[in-house]
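# Summary of structural features
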Amino acid sequence: MTDDPTTTHDAPPTSPLAERIEAILLVIDEPIGLVALAAAVGSPVPAVRQTLESLVADYDGEGQGPRRGFELREVGGGWRLYVREDHDDLVAEFIGGQAPARLSQAALETLAVIAYKQPVTRGQVASIRAVNVDSVVRTLLARGLITELFADAETGAINYGTTDALLQHLGINSIDELPPISPLLDDGADGFDEGVIR
């Protein structure tokens, strides 16, 4: 072993800060901004930025460790872990094989809200349904019934919409063919100032 100072960059980040950042990244469903992440882990923004860059390099296999099957990317003004693109088919096949044949009542209700209100964020769906919809949205994404349309420029929140696969399952050509039900649904505007539903 030499005392070459450049070798210190090859070691994967194992600091407590890196561990705290990874813990947060594992539980979020939408990209988290740098400032919000720094607040969550209780560290200065520059230190968090540097640690994120080290984690990116580590996951990409730029150090002594192997390249991971996931990657850390900055998307829509925030950071999030993603499956590497070359494993998309593998993961889609696995999730599809694990999915139940029928949707739960909660999934059907969430799907209806998204279908009628799209584009709509998880927070808006949660406000309308008055329950947490994180796991249900993940299920609908895995089943290919909804998709991520775009991220809000200000908040980074992902807006969801339905897919052609849903139209095929319903036997319709357009979402406009759904029966008129919007007068029965609250627009979800009430309560947004009270904070994000978790």
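One structure accompanies this document, and this report is about it. None of the values given here were measured: they were computed from a predicted structure.

## Some remarks on a negative patch on the surface
Side chains of E85, D88, D89 and E93 sit close together on the surface and give a patch of like negative charge. Residue position: D88 is located in helix α4 (residues 88-98). The class for D88 is partly exposed, based on a relative accessible area of 38%.

## Focus on the environment of Y116
Along the polypeptide, Y116 turns up in helix α5 (residues 105-117). Taking C-alpha positions, Y116 is 9.7 Å from P179, a pair spaced 63 residues apart along the chain.

## Overview of the pattern of salt bridges
When their charged atoms lie close together, side chains carrying opposite charge are able to pair. Within the structure shown, the criterion is met by nine salt bridges. Between E30 and R122 there is a salt bridge; the shortest N-O distance is 3.3 Å. With a gap of 92 residues between them, E30 in the loop between α1 (16-27) and α2 (34-41) and R122 in helix α6 (residues 122-129) connect regions that are remote in the sequence. Between E71 and R84 there is a salt bridge whose closest N-O contact spans 3.3 Å. Of this pair, E71 sits in strand β1 (residues 70-75) while R84 is found in the loop between β2 (78-83) and α4, placing the two residues 13 residues apart along the sequence. The same class applies to E71 as to R84, namely buried. Linked by salt bridges that have partners in common, D60, E71, R73 and R84 make up one network.

## Describing α5
With 13 residues, α5 should reach 18 Å at 1.5 Å per residue; the first-to-last C-alpha distance of 18 Å fits that figure. Those residues of α5 that fall on the buried side of the exposure criterion are A107, T110, L111, V113, I114 and A115. Looking at the buried residues of α5, the elements they touch are β3 (120-121), α6, α7 (134-142), β4 (146-151), β5 (158-162) and α8 (164-170).

## Quick notes on the pairing of β1
Here is the key point about a regular strand: its side chains alternate between the two faces of the sheet. Judged from the six bridges that link them, β1 and β2 form a sheet pairing that is antiparallel. In the sheet register, E74 faces β2, and the bridge partner there is W79. With antiparallel pairing between neighbouring strands as the criterion, β1 and β2 make up a hairpin whose turn holds two residues, including G76 at a positive phi of roughly 60 degrees.

## As for the sheet that holds β5
Taken together, three strands build an open sheet; the order of strands is β3-β5-β4 and the sheet is antiparallel. The open sheet terminates on both sides in strands that have one partner only, identified here as β3 and β4. The pairing of β3 with β5 spans two bridges and is antiparallel. By the bridge assignment, T121 is partnered in β5 with N159. Packing against the sheet, α5 makes contact with β3, β4 and β5, and its axis sits at approximately 95 degrees to β5.

Scoring rules and cut-offs
- Residues numbered from 1 in each chain as written.
- Predicted model: local features only at pLDDT ≥ 70, side-chain atom pairs only at ≥ 80, totals over all residues.
- Heavy atoms only, no water.
- Patch = residues over 30% accessible without salt bridge, like charges linked within 9 Å, V, L, I, M, F, W, Y side chains within 5 Å.
- Areas by Shrake-Rupley, 256 points an atom, 1.4 Å probe, with all protein chains shown as cover.
- Salt bridge = Lys/Arg side-chain N within 4 Å of Asp/Glu carboxyl O.
- Lys, Arg positive; Asp, Glu negative; His and termini not counted.
- Charge placed at Lys NZ, Arg CZ, Asp CG, Glu CD.
- Helix = DSSP H or I, 4+ residues; strand = E, 2+ residues; numbered from the N terminus.
- Buried < 20%, exposed > 50% of the residue type's maximum accessible area, 1.4 Å probe, protein only.
- Expected span 1.5 Å × (residues − 1).
- Contact = heavy atoms within 4.5 Å.
- Pairing = 2+ DSSP bridges.
- Axes fitted to C-alpha atoms, helices over the stretch in contact; angles between N-to-C directions.

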